[in-house]
Every structure is written in C-alpha cells, then in structure tokens.
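Architecture at a glance
Read off the chains here:
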Amino acid sequence: MNKNGFIKELSRQTGYNVEKCILINNVIENYFIFRRENKDKIIKDLQIKASLNEDDSENVYDIWVKIITEEIKNKLKHPFRSQN
C-alpha cells in the first residue's frame, strides 16, 4: 500500500478527513519504529499537533498499528502482489 492508500484507509477507519489523517500520519512518521516506548510520546504529540483528546489519540494509534501490521502480514503472504 502506498502512502496515499494508507492515508485513505486511515481516514476510512477513523472517520477523520484526509487532511487530518495526513497530519496524524506525519506525527507518527516522526518516530522511526512504533513500539511501546514511543506510544506515549506519539499519543502526546497527537493530542498537541492533531488536537485530539487522549482516548481519540490512543484509538488512532491502535488503528494505525493495525493497518501497518495487516500490510506487513499481507506482504509476507503475497510478496509479489501489486502494491496498488
């Protein structure tokens, strides 16, 4: 999945508009790897930069991780499938 596809999927799953999802994705991409140590930092940044409350920030983070995890699993199952 390319970045635009990812943003559209994030928008679909969160219900936020594309512009807000771009902002959310940019905040999360500032961290090299998503892991527990960065989760709190990411959630705080989402609260500040994307104007989300704590519950929404955690929900967005969980959705983001879910989308990434599904993409990784899909790539492992089908390594030669088109990325469109």
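Okay, so let's go over this structure. Here the structure is a predicted model, which means the values were calculated and not measured.

**Some thoughts on helix 1 (residues 3-14)**
Given a rise of 1.5 Å per residue, 12 residues ought to cover 16 Å, and the 16 Å separating the end C-alpha atoms of helix 1 matches this to within 8%. Buried residues along helix 1 sit against helix 2 (18-29) and helix 4 (54-77). Capping of helix 1 at its N-terminal end is provided by N2; its side-chain oxygen lies 3.2 Å from the backbone amide nitrogen of N4. Immediately beyond the C-terminal end of helix 1, within one or two residues, lies G15, with a positive phi of roughly 85 degrees.

**Section: the packing of aromatic side chains**
Applying the stated criterion to the full structure yields one aromatic pair. With a centroid separation of 6.2 Å and an interplanar angle of 90 degrees, the aromatic rings of F6 and W64 are classed as edge-to-face. Within this pair, whereas F6 is found in helix 1, its partner W64 is found in helix 4, the two being separated by 58 residues in sequence. The side chain of K20 reaches across the aromatic face of Y16, ending 5.7 Å from its centre.

**Describing the packing of helix 2 against helix 3 (residues 36-49)**
For any two helices packed against each other, the geometry comes down to the angle between their axes and how far apart the axes lie. Two numbers describe how helix 2 lies on helix 3: the axes approach to 10 Å, and their chain directions differ by 145 degrees. Crossing angle aside, the handedness with which helix 2 passes helix 3 is right-handed. Counting all contacts with helix 2, which are made through L23, I24, V27 and I28, the residues of helix 3 involved are I42, D45, L46 and K49. Looking at the contact of helix 2 with helix 3, its residues break down into six nonpolar, no polar and two charged.

Analysis parameters
Residues numbered from 1 in each chain as written. Predicted model: local features only at pLDDT ≥ 70, side-chain atom pairs only at ≥ 80, totals over all residues. Heavy atoms only, no water. Helix = DSSP H or I, 4+ residues; strand = E, 2+ residues; numbered from the N terminus. Expected span 1.5 Å × (residues − 1). Contact = heavy atoms within 4.5 Å. Polar contact = N/O pair within 3.5 Å; in protein donor to acceptor, adjacent residues only side chain to side chain. Phe/Tyr/Trp six-rings, centres within 6.5 Å; stacked < 30°, edge-to-face > 60°. Lys NZ or Arg CZ within 6 Å of the ring centre and 35° of its normal. Axes fitted to C-alpha atoms, helices over the stretch in contact; angles between N-to-C directions. Left-handed = near helix turned anticlockwise from the far one by under 90°. Nonpolar A, V, L, I, M, F, W, Y, C, P; charged D, E, K, R; others polar.

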